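If you want the building blocks of each chain, they are given just below.
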Amino acid sequence: MARLALVTGGMGGLGEAVCIKLAALGYRVITTYSPGNTKANEWLVAMDRQGYQFRAYPCDVADYESARECIRTIETEIGPVDVLVNNAGITRDMTFKKMEKTDWDAVMHTNLDSVFNMTKPVCDGMVERGWGRIINISSVNGQKGAFGQSNYAAAKAGMHGFTKALALEVARKGVTVNTISPGYIGTKMVMAIAQDVLDSKIIPQIPMGRLGKPEEVAGLVAYLAADEAAFVTGANIAINGGQHMS
Ligand code: CAA
Ligand code: NAP
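Residues numbered from 1 in each chain as written. Chains lettered and ligands numbered in written order. Predicted model: local features only at pLDDT ≥ 70, side-chain atom pairs only at ≥ 80, totals over all residues. Heavy atoms only, no water.

Asker: How should the side chain of S138 be read in this particular structure?
Answerer: Within the secondary structure, S138 is located in the loop between β5 (132–137) and α5 (140–144). Judged by its relative accessible area of 5%, S138 falls in the buried class. The residues contacting S138, other than those within four sequence positions of it, are K156, M159, T179, I180, S181 and P182. (Helix = DSSP H or I, 4+ residues; strand = E, 2+ residues; numbered from the N terminus. Buried < 20%, exposed > 50% of the residue type's maximum accessible area, 1.4 Å probe, protein only. Contact = heavy atoms within 4.5 Å.)

Asker: How should I be thinking about the site of ligand 1 in this particular structure?
Answerer: Lining the immediate environment of ligand 1, one finds 18 residues, of which D93, S139, Q149, Y152 and Y184 sit closest. Separating a nitrogen atom of ligand 1 from a side-chain N or O atom of D93 is a distance of 2.6 Å. Take K98: an N or O atom from its side chain is 2.9 Å from an oxygen atom of ligand 1. Taking 1000 Å² as the accessible area of ligand 1 by itself, protein coverage stands at 60%. Counting residues per element, the ones that place at least two in the shell around ligand 1 are α7 (188–191) and α8 (195–202). For the shell around ligand 1, the residue count by class is 8 nonpolar, 7 polar and 3 charged. (Near = heavy atom within 4 Å. Polar contact = N/O pair within 3.5 Å; in protein donor to acceptor, adjacent residues only side chain to side chain. Areas by Shrake-Rupley, 256 points an atom, 1.4 Å probe, with all protein chains shown as cover. Nonpolar A, V, L, I, M, F, W, Y, C, P; charged D, E, K, R; others polar.)

Asker: Can you walk me through the site of ligand 2 in this structure?
Answerer: Neighbouring ligand 2 are 27 residues; S34, N87, Y152, I185 and T187 lie closest to it. Between an oxygen atom of ligand 2 and a main-chain N or O atom of N87, the distance comes to 2.6 Å. Note that an oxygen atom of ligand 2 is positioned 2.7 Å from one of the backbone N or O atoms of I185. Taking 890 Å² as the accessible area of ligand 2 by itself, protein coverage stands at 90%. The set of elements that each furnish at least two residues to the shell around ligand 2 consists of α1 (13–24), α6 (150–170) and α7. Per-element accounting of the shell around ligand 2 gives the leading share, 3 residues, to α7. A breakdown of the residues in the shell around ligand 2 according to their chemical character gives 13 nonpolar, 11 polar and 3 charged.

Asker: In this structure, what is going on with helix α9 (residues 214–225)? I would like to understand it.
Answerer: Two residues of an α-helix separated by three or four positions point the same way, owing to the 3.6 residues in each turn. End to end, α9 covers 17 Å across 12 residues, agreeing with the expected 16 Å (1.5 Å per residue, within 8%). Those residues of α9 that sit buried are P214, V217, A218, L220, V221, A222, L224 and A225. Buried residues along α9 sit against α1, β4 (83–86), β5, β6 (175–182) and β7 (236–239). (Expected span 1.5 Å × (residues − 1).)

Asker: Where do I start with the sheet that holds β7 in this structure?
Answerer: Sheets are built from strands that pair by backbone hydrogen bonding, the pairs being arranged parallel or antiparallel. Ordered in space as β3-β2-β1-β4-β5-β6-β7, the 7 strands form an open sheet in which the pairing is parallel. In this open sheet, the two edge strands, each paired with only one partner strand, are β3 (55–58) and β7. Sheet twist, expressed as the mean angle between neighbouring strand axes with direction ignored, is 20 degrees. Note: strand β2 (residues 28–33) against β3, 4 bridges, orientation parallel. Its bridge partner being in β3, T32 is matched across the sheet by Y57. (Pairing = 2+ DSSP bridges. Axes fitted to C-alpha atoms, helices over the stretch in contact; angles between N-to-C directions.)

Asker: Would you mind going over the pairing of β5 with me for this structure?
Answerer: Consecutive residues of a regular strand have side chains that alternate between opposite faces of the sheet. Of all 6 residues in β5, 6 are buried, a share of seventy percent or more. Neither face of β5 is left uncovered, since the one carrying G132, I134 and N136 and the one carrying R133, I135 and I137 both have all their residues buried. In the sheet, β4 pairs with β5 via 4 bridges, with the strands oriented parallel. Of the residues in β5, the one forming a bridge with V83 is R133. Both β5 and β6 contribute to a ladder of 6 bridges, which runs parallel. Bridging across to β6, N136 finds its partner in T179.

Asker: Whenever I open this one, the environment of R172 confuses me. Can you help?
Answerer: In this structure, R172 sits in the loop between α6 and β6. Take R172: its relative accessible area is 83%, and that puts it in the exposed class. Between the C-alpha atom of R172 and that of N117, which follows or precedes it by 55 residues, the distance is 23 Å.

Asker: Please explain the nonpolar core as it appears in this structure.
Answerer: In summary, soluble globular proteins display a tendency toward joint burial of nonpolar side chains. Counting 33 residues, the largest nonpolar core has L22, V83, I135 and I180 as the members making the most contacts within it. Secondary-structure elements contributing two or more residues to this core are β1 (4–7), α1, β2, α2 (40–49), β4, β5 and α9. With 7 residues, α9 is the single largest residue contributor to this core. Within the second largest apolar cluster, 23 residues are counted, among which are Y57, C59, V61 and L166. (Core = buried A, V, L, I, M, F, W, Y, C linked by side-chain atoms within 4.5 Å.)

In structure tokens, the structure reads:
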């Protein structure tokens, strides 16, 4: 039976590209959407027209009970998750001076707590079955910091601390845990940045002089999910057009 991949927040942006790539490689692919997302069905129909029969479940990744319930339903209706891609995330960019506790909490819950919430219900099963892949989508801004992102940079850096610790615990059990740190990719998250900020402050910092493409990140996810990446664990792989080299 084909491996089952779960991609959080797959209806658009990086997540959609990951769903399409994994499906093209023969995985059974499931994604999640925010419970308030009214366009989920529309997306499923559009994907079906392109030849992709995805399943999708509502899940607030920031909420532990919602995540547990989502995984329980997937396991009952489809089967155990072999590949988990923790992709869902948000930004609430503003200088620290303007940042309220709610802006901090929203970003920490959605980008970092979500990694615990989604990984906890699937990890033991992966270990018992002796095979699993956990792939966390962090950011170049978790590696280098970014003006206006003290919340986001903290959450994304935290993801990689989690990756390294869990990777140690499951290394002998056939389960790998890795972080991908994309640079600026042309999705709606980046398009929310004011054009003048993008043009004057961000693009000039990218040696390749362009935004990345979601498909480029999806290719890296596919590599980490594959059997041939079995010796890669606890890594933080940069994909950023040369913007940050560490
Ligand atoms: N570097 C240095 N100074 C900067 C700056 C930067 N990148 N951006 C703004 N400033 C300066 C301005 O020049 C201005 O200076 P003066 O007061 O001396 O004129 C000052 O900061 C403005 O401060 P404000 O608090 O008034 O800022 P603002 O409310 O106008 O905007 C901001 C602040 C919302 C953070 C805006 O700068 C911004 O959107 N920056 C981009 C943040 C960013 O890169 N986000 C990434 C989103 S995509 C993503 O997150 C994906 C990923 O993982 C890569
Ligand atoms: P995007 O287009 O804004 O997509 C974000 C996804 O996250 C959406 O599918 C959204 O689902 C989901 N999501 C948000 N909050 C959620 C919640 N509480 N519960 C469940 N799902 C939730 O952003 P993107 O650019 O594709 O980003 C995907 C990931 O890559 C994020 O983690 C982001 O931080 C990271 N990243 C992006 C870039 C970039 O330049 N674009 C660079 C580095 C890292 P709904 O639409 O259903 O709400």
